[in-house]
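These are the residues of each chain, in order.
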Amino acid sequence: MSSSNTSPDEPSTADDRSEDDSPLLSVRDLTTTFATENGARRAVDGVSFTVDAGETVCLVGESGSGKTVATESITRLIDQPPGTIRGDLRFNGTDLLALSQPELRSIRGAEIAHIFQNPQESMNPCYTVGWQLVEAMQVHEELSEPQARRRAVELLDRVGIDSASSRFSDYPHEFSGGQKQRVMIAMALVGSPQLLLADEPTTALDVTVQAQILDVLAELQAETGMGILFVTHDLGVVAEIADRVVVMYAGKIMERGSVEDVFRRPSHPYTRALLACLPAYGGTDGGIPGSLPDPTEPPDGCRFADRCEHAVSACRTGDQPQAVDLSDGHRVSCVHYQSGYDPQTVREDGTIQREETDD
Amino acid sequence: MTEPLLSVRDLTKYYSRTEGLLNREVGRVKAVDGISLDVSPGETVGIVGESGCGKSTAAGAIVRLEEPTAGEVIFRGGSRQPAERREDGSHPNDVTTFDRSELKRFRRNVQMIFQDPASSFNPRQRVGDAVGELLAVHGMGDRQQRRQIVEDLLTRVGLSAADYDRYPHEFSGGEKQRIAIARALVLNPDLIIADEPVSALDVSVQAEVLSLIDDLQQAFGLSIILISHDMSVVNAICDRVAVMYLGEFVETGTVDAVFTDPQHPYTETLVSAIPTPDPTVSRQQITLPGTVPSPADPPSGCRFHTRCPKVIQPDELDLDHETWLAVHRFRQAIVAGSIDIDDLRDTAAQQSDEWSVAAQLRESFDLPAQFDDETVATAVTTAITHLVDDSPEKAAAVLAEVFQTPCEATAPAFTDHGDGHQSACLLHTTDGNAGRTDE
Amino acid sequence: MEDDTPRTFDEVDWEQHSDRGGIALSRRLRTLIVGGTPIALLWLYDRLAVGQRERTFVRLGEDLGLSGLFSTLGIDFDPSSLDLLFVFTILIFGAYVLLPLLQNPRMTRYYWREFTRNRPAVVSLGWLGIVFVGGVVGPFVIAMPEQNLLAAYQPPVFGSIETAYVNNCVGVIENGRCYGTWAHPLGTDRGGRDVFAAVVHGMTVTMQITFITTTLVALIGITVGTVSAYAGGWVDELLMRFVDIVLSFPTLLFFLLILYIYGAGLGMFILVFSLFGWGATARYVRSKALAVSEAAFIDSARLSGASTYYIVRRHVVPNTASSIITQLTLIVPGFLLAEAQLAFLGIGDTAVPTWGELISSGRTAIDFAPWIVLVPGSALFLTILAFNFVGDALLDAINPESDAEADR
């Protein structure tokens, strides 16, 4: 079995120096470990993916799968110590891990922006929304007060806040949940970012509001051509906005592919189980029994083996199974797709009531 | 035909806003403004609506966690004898009139599951004790017996008897909700009210918990009121549903009827927002302008009229629907004060071409430059002029004369669409039940 | 089926169960009553039956006809009201702090593990343990230090003093210096009282102050704070204004006034300062209780049919009380210092040997007999430091599970 550190399960992109060819964000072998009193906890274990300009990549998984940690590792928002980030993280070719703190700060918030799940916690309740926007702007640019104010009002308008000009001087608590999230997006846009890292931004919102926020993001992406890495546990959201999907479980990647591939031909048992939780796909037949493995002592073999109904002995030995190419860009890490096994065992287990025949 | 287990009639909950030392009442927040609902034995009824519509307040009022301002809640379960209404109009089974001991007995019959698993449990109390406490409060003094009952119940909700001795922080969100379900069941109630039981959970865990609730309901013949903002959750396990907007029910009926054939425009909007997890199908969502009005000052007549995509034109007008909507929304924006004239002036000043304030207004509200109807054209132009002159009240007044919709004058009564499917919309009202006119 | 005790929740026949308030006497309360009654009876006996000059237990022995037994065992104690109150507060501590810890061994082990991460705190706890044991057991083992002018200003065992200052040296004299002996391991003071014995007796006083003041402050503070928070409205307003008054009350002047008019001993000191010292605690408890009252589990408790009293006692208080343990350990140093200061100023209770009093008596001799100030002074300093360390460590130990939840 291959060593777990060089995981070649990443779509091969020519490692070119030219800006045009290299992806906006390239993550290779990202491993983030935390030193806890119970031992080292590997929240993210050898994960690789890319995000190109103008595309939306969704990072999907349950709570605890490591997706938030992966996102925060990109701009080193994780405290080191107790965390340790290893891997090859490149933004437009620049090695993010090699940057000094000041260089990193100039990228963060400008070229790479974050939005988080809980807008309440991301905004300072003591200052008006306008003030916070202006402050974010002035960190990265020299602007006069009126100039900054005008840009801030423009941004608020762009994200869909009515009467942006008067709302400029309102405090966060005067906005509803959905509006606060729009303000967060506005703050993220301040530096005209090329890459947006969105960590479950709609999870805390009503379904109707969620739909509006997703629309705003889609419009902004069309306008600016920014890349979006969108973290979520909700496959319904993924279907709406993703171009490509990366399915994570317990710190490792189980399956990746274009959104059509993953929804039409879900291959990994975990992906299928997640899909089956959606009423349109499988009804409420009780979710996925079991829970995540202990992150300080990950099991041998495939991380999902304990909860997988198709697990065989090969699933419990060695490392996470080598990823197999199913088609261009669609890769799955499951023994049943390796030679010597029959993929139909998984494909025809009936978990999913509605799907296309695969080619 | 059995009587319903629970009959809520015109339940109302107002909060007073007070000012000053003597707590003068200066306004009322009408969180729940007259809802009526029936729940039959063994039935699951959903209450669906966006955040802030008052559904959680309604739940609290039904169980008297908060005292209702008006209305009645007639409960026919538990050991209560069936009773007739008294001479003076009150009903002996009206929860809102229960005294302390009746209320305590009522607590055995109706229980609740709360939304946030993190704060649902006393962090200093073992979960087994938390569940068993209800038994103790109602008189079961034997500690062994309580323990036995609780351990059995814990296994039924998918945990183990050994979990009795653990503390809440040792469980995940989904597990805590299971314990909450156990706690709601332990007194063997007839009715459980679940207030957004799965909103705080991952999608995969949501399915588990919902299916548990469904199974337990079948096994023990429970009635359930499920409150959620998520239509797909309601769709999953409810038999009937009531759609709530700004403190009132706008539509009720079976889940099938309401979801496949929504009669009220608001319901249509909600249904259109349900995400379809199919990447090839693009969502046709109806978006509503503006935001939900404040319950402290709800719109007159039909409360949804300010944002309704199907709002009714006044009889005198005969515009095509697009134009009518545009004018209507323009008027609503003025009334809500959401037009920033200064901002528009700034933009006008900056641009060199004829991008005057008037032109901007017409553009952003999709108002055509010309109207066939003379009255309409004059009204719109005059209103714009008033706005430019910084008199939004006059603008609003001018538009109110011409564009007053019947929807704001009359609060619609419920129309019956058959089989218990009702909606409160003037579109369906026949002359017979035109609803009450608002003061 | 003969055995019809219901085994599952749906088999319970609720009509059978009487609707009691659900407040069974908890083990704690029972312990308190069982332990407290004899103390209360003894106190009454002491007040009513025993004369001023008689020793309580001696008289008790006579009344019970057990004088012979008592004298053989050496039971001739004469506890003051303060001593009895001290014992009662230890009982409360045992019932409400130790007993719950014993009942939940898992949690206790967890807290202990967290606590022991902090080395200084463990050492401090050890020192406080010594002071406690010394204070409780010491007076029975070591006699009250008595004046002995022949042994005045004796140095500690490894020290010496110029003979000019001593009129009699218990130890050897060499080179014009009088050397210490093991008879007085920490030396003696101006009156010849053994410093070691005095320090041990001082431990008793320290412990009395600690326990009694914390109990009173905790009791009043928690009650006022939780009632205020849970009731809200005008009750809250009223109580908080009352707290304002208590906080701004000039306690020291009041105490001096009482001292002047009635005379005051240690007991009065403790009483006065505790009765006016609970304001900050009440405020703190109130803010915690307000947060707790908003939590969903309080709604759940109300929905269970429990009475307000039950909810406050069983749900609000435990969640606020644990956070004030730290606060309490940090108030105690204040009281100890206050006592020492008053003693230093000469207005303390001279009948009782406290550390403050000892320090005060040694101030004039600081040049040539520094041990009289240093020994009790160090004891006081170490004790206060110990309380501070322990308080910090307790804060970390008791609250981290709330952080663990946030991490999920």
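Everything numeric in this text was worked out from a predicted model, so none of it was measured.

## What about the state of the cysteines?
Reasoning step 1: Evaluated as defined, the whole model comprises one disulfide over all chains.
Reasoning step 2: We note that Cys334 of chain A lacks a disulfide partner, and the nearest cysteine sulfur, in Cys315 of chain A, lies 6.1 Å from it.
Reasoning step 3: With relative accessibility at 6%, the residue Cys334 of chain A sits in the buried group.
Reasoning step 4: For Cys302 of chain B, which is in no disulfide, the shortest distance to another cysteine sulfur is to Cys407 of chain B and amounts to 5.9 Å.
Reasoning step 5: A residue is classified by how much of its surface remains accessible, and Cys302 of chain B, at 13% relative accessible area, is buried.

## Let's talk about the packing of helix H7 (residues 195-231) of chain C against helix H15 (residues 371-398) of chain C
All names here are of chain C.
Reasoning step 1: Orientation of H7 relative to H15, taken along the N-to-C sense of each, is 30 degrees, at an axis distance of 11 Å. For the element pair H7 / H15, the angle class is roughly parallel. Judged by the sense of rotation from one axis to the other, the crossing of H7 with H15 is right-handed. Seen from H7, the contacting residues are Val195, Val199, Thr206 and Thr210; seen from H15, they are Trp371, Val375, Pro376, Thr383 and Phe387.
Reasoning step 2: When grouped by side-chain class, the residues that make up the contact of H7 with H15 number six nonpolar, three polar and no charged.

## Points about the pattern of salt bridges
Should the charged atoms of two oppositely charged side chains come close, the side chains can pair.
Residue and element names in this part refer to chain C.
Reasoning step 1: Scanning the model with the defined rule gives 38 salt bridges over all chains in all.
Reasoning step 2: The residue Glu237 makes a salt bridge to Arg241 at a minimum N-O spacing of 3.2 Å. Here the residue Glu237 and the residue Arg241 both occupy positions in helix H8 (residues 233-248), the gap between them amounting to four residues, near one helical turn.

## Regarding helix H13 (residues 374-388) of chain B
Turn by turn, an α-helix covers 3.6 residues, leaving residues three or four places apart pointing in a common direction.
Reasoning step 1: Counted at 1.5 Å a residue, the expected span for H13 of chain B with its 15 residues is 21 Å, and the 21 Å between its end C-alpha atoms agrees.
Reasoning step 2: Buried residues in H13 of chain B make contact with helix H10 (321-336), helix H11 (341-350), helix H12 (357-364) and helix H14 (392-403) of chain B.

## A look at the side chain of Arg178 of chain B
All names here are of chain B.
Reasoning step 1: Relative to the helices and strands, Arg178 is located in helix H5 (residues 173-185).
Reasoning step 2: Accessibility expressed as a relative area gives 14% for Arg178, which makes it buried.
Reasoning step 3: Dropping the residues within four chain positions of it, Arg178 is found in contact with Val157, Gly158, Leu159, Glu208 and Leu212.

## Considerations on the sheet that holds strand S5 (residues 94-95) of chain A
All names here are of chain A.
Reasoning step 1: Pairing within the open sheet is antiparallel, and its four strands lie in the order S2-S1-S4-S5. The open sheet has two edge strands with one neighbour each: strand S2 (39-51) and S5.
Reasoning step 2: Here strand S1 (residues 25-36) runs beside strand S4 (residues 83-91); their pairing, made up of eight bridges, is antiparallel. Note on S4: the bridge partner recorded for Arg28 is Asp88.
Reasoning step 3: Sheet contacts for helix H1 (residues 67-74): S1, S2 and S4; angle to S1, the most-contacted strand, approximately 110 degrees.

## A word on the pairing of S4 of chain A
Reasoning step 1: In the sheet, S4 of chain A pairs with S5 of chain A via two bridges, with the strands oriented antiparallel. The residue of S5 of chain A that forms the bridge with Arg90 of chain A is Asp95 of chain A.

## Concerning the nonpolar core
Inside soluble globular proteins, nonpolar side chains tend to come together where they are buried.
Reasoning step 1: Core analysis: the largest hydrophobic core is formed by 93 residues, its most contacted members being Ile181, Phe330, Ile339, Leu361 and Phe403 of chain B.
Reasoning step 2: Formed by 69 residues, the second largest nonpolar core is a distinct cluster that contains Met203, Trp355, Phe368 and Ala379 of chain C.

## Description of the interface of chain B and chain C
Reasoning step 1: On the chain C side, the residues contacting the 50 residues of chain B number 41 residues.
Reasoning step 2: Counting the surface lost from both chain B and chain C, the interface buries some 4100 Å², and carbon and sulfur atoms represent 50% of this.
Reasoning step 3: Three residues, Leu65, Arg124 and His169 of chain B, lead the burial of chain B against chain C; their summed loss comes to 17% of the area buried on that side.
Reasoning step 4: Between chain B and chain C we count one salt bridge in total.
Reasoning step 5: When the shortest N-O distance is used, the salt bridge between Glu170 of chain B and Arg106 of chain C registers 2.9 Å.
Reasoning step 6: One can count 13 residue pairs in polar contact (both at pLDDT 80 or more) joining chain B with chain C.
Reasoning step 7: Of all the secondary structure elements, the ones that give two or more residues to the side of chain B that touches chain C are helix H2 (100-109), strand S5 (110-113), helix H3 (127-137), helix H4 (143-156) and H5 of chain B.
Reasoning step 8: In terms of residue count, the dominant contributor to the side of chain B that touches chain C is H4 of chain B (six residues).

## Comments concerning unusual backbone geometry
Reasoning step 1: A positive phi angle is found at Ser192 of chain A, which is not glycine, with a value near 50 degrees.
Reasoning step 2: If you trace the backbone, Ser192 of chain A turns up in the loop between helix H7 (177-189) and strand S7 (195-199).
Reasoning step 3: The backbone of Tyr153 of chain C sits at a positive phi, close to 55 degrees, despite the residue not being glycine.

## So, the pairing of strand S3 (residues 56-60) of chain A
All names here are of chain A.
Reasoning step 1: The buried count for S3 comes to five of five residues, which makes it a mostly enclosed element.
Reasoning step 2: What you see with S3 is no split at all: Thr56, Cys58 and Val60 on one side and Val57 and Leu59 on the other are buried throughout.
Reasoning step 3: When S3 meets strand S8 (residues 227-232), the two strands line up parallel, connected through five bridges. Counterpart to Thr56 in the pairing with S8 is Ile228.
Reasoning step 4: In this structure, S3 lies alongside strand S9 (residues 244-249), joined through four bridges in parallel fashion.

## Looking at the packing of helix H5 (residues 105-116) of chain C against helix H6 (residues 119-141) of chain C
Residues and elements named next belong to chain C.
Reasoning step 1: H6 packs onto H5 with a crossing angle of 110 degrees between their chain directions and a minimal axis gap of 7 Å. In terms of orientation, H5 and H6 fall into the roughly perpendicular class. Counted together, Trp112, Phe115 and Thr116 of H5 and Arg119, Ala121, Val122 and Leu125 of H6 form the full contact between these two elements.
Reasoning step 2: Each residue belonging to the contact of H5 with H6 can be placed in one class, and the counts come to five nonpolar, one polar and one charged.

## A closer look at the packing of aromatic side chains
What describes a pair of aromatic rings is the distance from one ring centre to the other and the angle between the planes of the rings.
Residues and elements named next belong to chain C.
Reasoning step 1: Inspection of every chain in the model, using the stated rule, returns 24 aromatic pairs over all chains.
Reasoning step 2: Pairing Phe93 with Phe211 gives two aromatic rings, centres 5.5 Å apart and planes at 90 degrees, and the pair type is edge-to-face. Linking Phe93 in helix H4 (residues 81-103) with Phe211 in helix H7, this pair joins segments that are 118 residues apart in sequence.
Reasoning step 3: An aromatic cluster is defined as three or more aromatic residues linked by ring pairs; in this entry it consists of Phe86, Phe93, Phe132 and Phe211.

## What about the environment of Val131 of chain C?
Residues and elements named next belong to chain C.
Reasoning step 1: Looking at the element boundaries, Val131 is found in helix H6.
Reasoning step 2: Residues Val131 and Gly202 lie 71 residues apart in sequence; the distance between their C-alpha atoms is 9.3 Å.
Reasoning step 3: Once you skip the residues sitting within four places of it in the chain, Val131 turns out to touch Met203, Met207, Trp355 and Thr383.

## Digging into the sheet that holds strand S10 (residues 252-258) of chain A
Residues and elements named next belong to chain A.
Reasoning step 1: Judged by pairing direction, the sheet is mixed, and its eight strands sit side by side in the order S6-S7-S8-S3-S9-S10-S12-S11 without closing on themselves. One side of each edge strand has no neighbouring strand; the edge strands of this open sheet are strand S6 (112-115) and strand S11 (324-327). Neighbour to neighbour, the strand axes of the sheet diverge by 20 degrees on average, direction disregarded.
Reasoning step 2: As paired elements, S11 and strand S12 (residues 330-332) share three bridges and run antiparallel to each other. If you follow Asp325 over to S12, its bridge partner there is Arg331.
Reasoning step 3: Of the strands in this sheet, S3, S6, S7, S8 and S9 touch H1, which is tilted by about 150 degrees from S8.

## Some words on the environment of Pro265 of chain B
Reasoning step 1: Among the structural elements, Pro265 of chain B can be located in helix H9 (residues 265-272).
Reasoning step 2: Spatially, the C-alpha atom of Pro265 of chain B lies 9.8 Å from that of Ile286 of chain B, the residues being 21 residues apart in sequence.

## Notes on a nonpolar patch on the surface
Residues and elements named next belong to chain C.
Reasoning step 1: Together, Leu29, Ile33, Phe93, Tyr96, Val97, Leu98 and Leu101 make up a nonpolar patch on the protein surface, roughly 540 Å² of accessible area in all.
Reasoning step 2: Among the secondary structure elements, those contributing two or more residues to the nonpolar patch are helix H1 (27-48) and H4.
Reasoning step 3: A per-element tally of the nonpolar patch places H4 first, with five residues.
Reasoning step 4: When you line up the elements, Leu29 lands in helix H1.
Reasoning step 5: Its relative accessible area of 32% is what places Leu29 among the partly exposed residues.

## Examining the confidence of the model for chain B
A low pLDDT score tells you not to read the predicted coordinates there in detail.
Residues and elements named next belong to chain B.
Reasoning step 1: When the pLDDT values of chain B are averaged, the result is 85; 95% of them are 70 or greater.
Reasoning step 2: A low-confidence stretch, residues 431-439 (pLDDT under 50), is modelled with 19 contacts involving residues beyond four sequence positions or located in other chains.
Reasoning step 3: The ipTM value of the predicted complex is 0.82, and its pTM value is 0.81.

Reading the values: rules and limits
- Residues numbered from 1 in each chain as written.
- Chains lettered and ligands numbered in written order.
- Predicted model: local features only at pLDDT ≥ 70, side-chain atom pairs only at ≥ 80, totals over all residues.
- Heavy atoms only, no water.
- Disulfide = S-S within 2.5 Å.
- Buried < 20%, exposed > 50% of the residue type's maximum accessible area, 1.4 Å probe, protein only.
- Axes fitted to C-alpha atoms, helices over the stretch in contact; angles between N-to-C directions.
- Helix = DSSP H or I, 4+ residues; strand = E, 2+ residues; numbered from the N terminus.
- Parallel < 35°, antiparallel > 145°, perpendicular 65-115°, else oblique.
- Left-handed = near helix turned anticlockwise from the far one by under 90°.
- Contact = heavy atoms within 4.5 Å.
- Nonpolar A, V, L, I, M, F, W, Y, C, P; charged D, E, K, R; others polar.
- Salt bridge = Lys/Arg side-chain N within 4 Å of Asp/Glu carboxyl O.
- Expected span 1.5 Å × (residues − 1).
- Pairing = 2+ DSSP bridges.
- Core = buried A, V, L, I, M, F, W, Y, C linked by side-chain atoms within 4.5 Å.
- Buried area = accessible area lost by both parts, 1.4 Å probe.
- Polar contact = N/O pair within 3.5 Å; in protein donor to acceptor, adjacent residues only side chain to side chain.
- Phe/Tyr/Trp six-rings, centres within 6.5 Å; stacked < 30°, edge-to-face > 60°.
- Patch = residues over 30% accessible without salt bridge, like charges linked within 9 Å, V, L, I, M, F, W, Y side chains within 5 Å.
- Areas by Shrake-Rupley, 256 points an atom, 1.4 Å probe, with all protein chains shown as cover.
- pLDDT = per-residue confidence, 0-100.

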